[in-house]
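Notes for the structure review
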Amino acid sequence: KRKIAILTSGGDAPGMNAAVRGVVRAAISRGCDAYAVHEGYQGLVDGGKMIKKMGWDDVQGYLSVGGTVIGTARCKAFRERPGRLLAAKNLVKEGIDALIVCGGDGSLTGADLFRSEWPSLLEELISTGDLTVEEAEPFTHLNIVGLVGSIDNDMSSTDITIGAVTCLHRICESIDSISSTASSHSRAFVVEVMGRHCGWLALMAGIATGADFIFIPERPPSGEDWEDEMCAEIKRHRDLGKRKTIVIVSEGAIDSNLKPITAKDMMDLLTDRLHLDTRMTILGHVQRGGSPSAFDRNLATMQGVEAVEAVLASTPDVPSAMIGMNENKISRTDLMKAVALTGEVAKAIQRKDFVGAMDLRDPAFNQ
Ligand code: F6P
């Protein structure tokens, strides 16, 4: 009987529980044993009670619950080879040769490294006497499948990541609430949203709420006088009779010299230059918590099932799969390539030659 384990890693994302449920139930339906590794990679490193066999009913009620019930961690130990050696030993001792990892860019990079090191990890464990040749023999190949769970929507080779839509919705609700008080007082609000080095959440929230200005890492404001331009634009909106001003700053926003653009700087700018009564709201982890949207539940369920199918289809010569969604279809792509491509985008942003975002100063987006 195949033994398939799932873990959730990195920042939690709404929909991760649906992914765990999908994997557990798909594995059981396909005649496999399903395991949940608790606390992300830390559970693999610690082994023992952290790796639990899951039954059909163990994931009952998972669909509507936010976060991840099986726990997650940003695990330092797994970043070092000794940690990965312990993880490999624990998997072999449990008889598990397939690992489905639901996490973001960093977690999937770790998964890919683990897979590539697997033969050498086993060799080392045999040489140190931690495993016998007989114990290691059936586990010459580790199947890894990646599910992208991240509110940031920052992974290449997939149009959308598990949790991003719920998070976007939560941001929009918050900005709607802020907008009503902003209008009442004729105030300006600078709202900082998450996303790490990716501006997707800020950009989409800006379009969905009709923000006046948006700052995202992919499109640093250009020219020396961008502050003047922004103030002129906001003043124009005010002169047209708008009683509120909303500026969204992605937490990774930078200027063209790669200097961070902060919500505080923008609040001071609006106060000093336009004399607007300005407040700042850092939405923080409110964005990441709470019950997942129907979209994320369904996305994660379908992808969880596909991940099990990918495990069952995998052979040592086929590269590890990443389950994504492209043009509305669940897709299976090469995990290693997706990880590499994501790194390239990050580097392009640092080189300032990435033009992937829309210009929100385009009249089409102005109210
Ligand atoms: O990657 C998800 C994310 O929420 C980012 O948007 C944010 O930068 C980061 O995680 C926050 O991490 P933590 O929860 O560890 O503070």
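Fair warning: this is a prediction, and the values are worked out from it, not measured in the lab. (Residues numbered from 1 in each chain as written. Predicted model: local features only at pLDDT ≥ 70, side-chain atom pairs only at ≥ 80, totals over all residues. Heavy atoms only, no water.)

Turning next to the environment of methionine 50. Relative to the assigned elements, methionine 50 resides in the loop between α2 (41-46) and β3 (51-54). Its relative accessible area of 21% is what places methionine 50 among the partly exposed residues. Placed 81 residues apart in sequence, methionine 50 and leucine 131 show a C-alpha to C-alpha distance of 20 Å. Residues in contact with methionine 50, not counting those within four places in the same chain, are Ala36, Val37, His38, Glu39 and Gly43. (Helix = DSSP H or I, 4+ residues; strand = E, 2+ residues; numbered from the N terminus. Buried < 20%, exposed > 50% of the residue type's maximum accessible area, 1.4 Å probe, protein only. Contact = heavy atoms within 4.5 Å.)

In this section: helix α9 (residues 263-274). Between its first and last C-alpha atoms α9 spans 16 Å; for 12 residues at 1.5 Å apiece the expected length is 16 Å, and the two agree. Every buried residue belonging to α9 is among Ala263, Met266, Met267, Leu269, Leu270 and Leu274, and all of these are buried. Projected down its long axis, α9 carries its buried residues within an arc of 160°, all on one side. In the core, the buried residues of α9 are packed alongside β6 (188-193), β7 (213-215), α8 (226-239), β8 (245-250) and β9 (278-282). One or two steps after α9, the chain reaches histidine 275, where phi turns positive at roughly 55°. (Expected span 1.5 Å × (residues − 1). Arc of directions from axis to C-beta.)

The next point concerns the site of the ligand. Surrounding the ligand, one finds Arg74, Ile151, Asp152, Met194, Gly195, Arg196, Glu251, His285 and Arg288. Between the ligand and histidine 285, the relevant distance is 2.8 Å, taken from an oxygen atom to a side-chain nitrogen or oxygen of the residue. In the environment of the ligand, an oxygen atom lies 2.8 Å from a nitrogen or oxygen atom belonging to the side chain of arginine 288. Surface burial for the ligand is 74%, taken as the share of its 400 Å² of free accessible area covered by protein chains. The residue inventory of the shell around the ligand, partitioned by class, reads two nonpolar, two polar and five charged. (Near = heavy atom within 4 Å. Polar contact = N/O pair within 3.5 Å; in protein donor to acceptor, adjacent residues only side chain to side chain. Areas by Shrake-Rupley, 256 points an atom, 1.4 Å probe, with all protein chains shown as cover. Nonpolar A, V, L, I, M, F, W, Y, C, P; charged D, E, K, R; others polar.)

What follows deals with the UniProt feature "active site" (unreviewed entry) in the protein chain. Here, UniProt's "active site" (unreviewed entry) annotation points to Asp152. Residue placement: aspartate 152 occurs in the loop between β5 (143-148) and α6 (164-185). With relative accessibility at 9%, the residue aspartate 152 sits in the buried group. Those residues in contact with aspartate 152 that lie beyond four places of it in its chain are Gly195, Arg196, Cys198, Trp200 and Leu201. (UniProt positions renumbered as here; feature names shortened; annotations may be inferred.)

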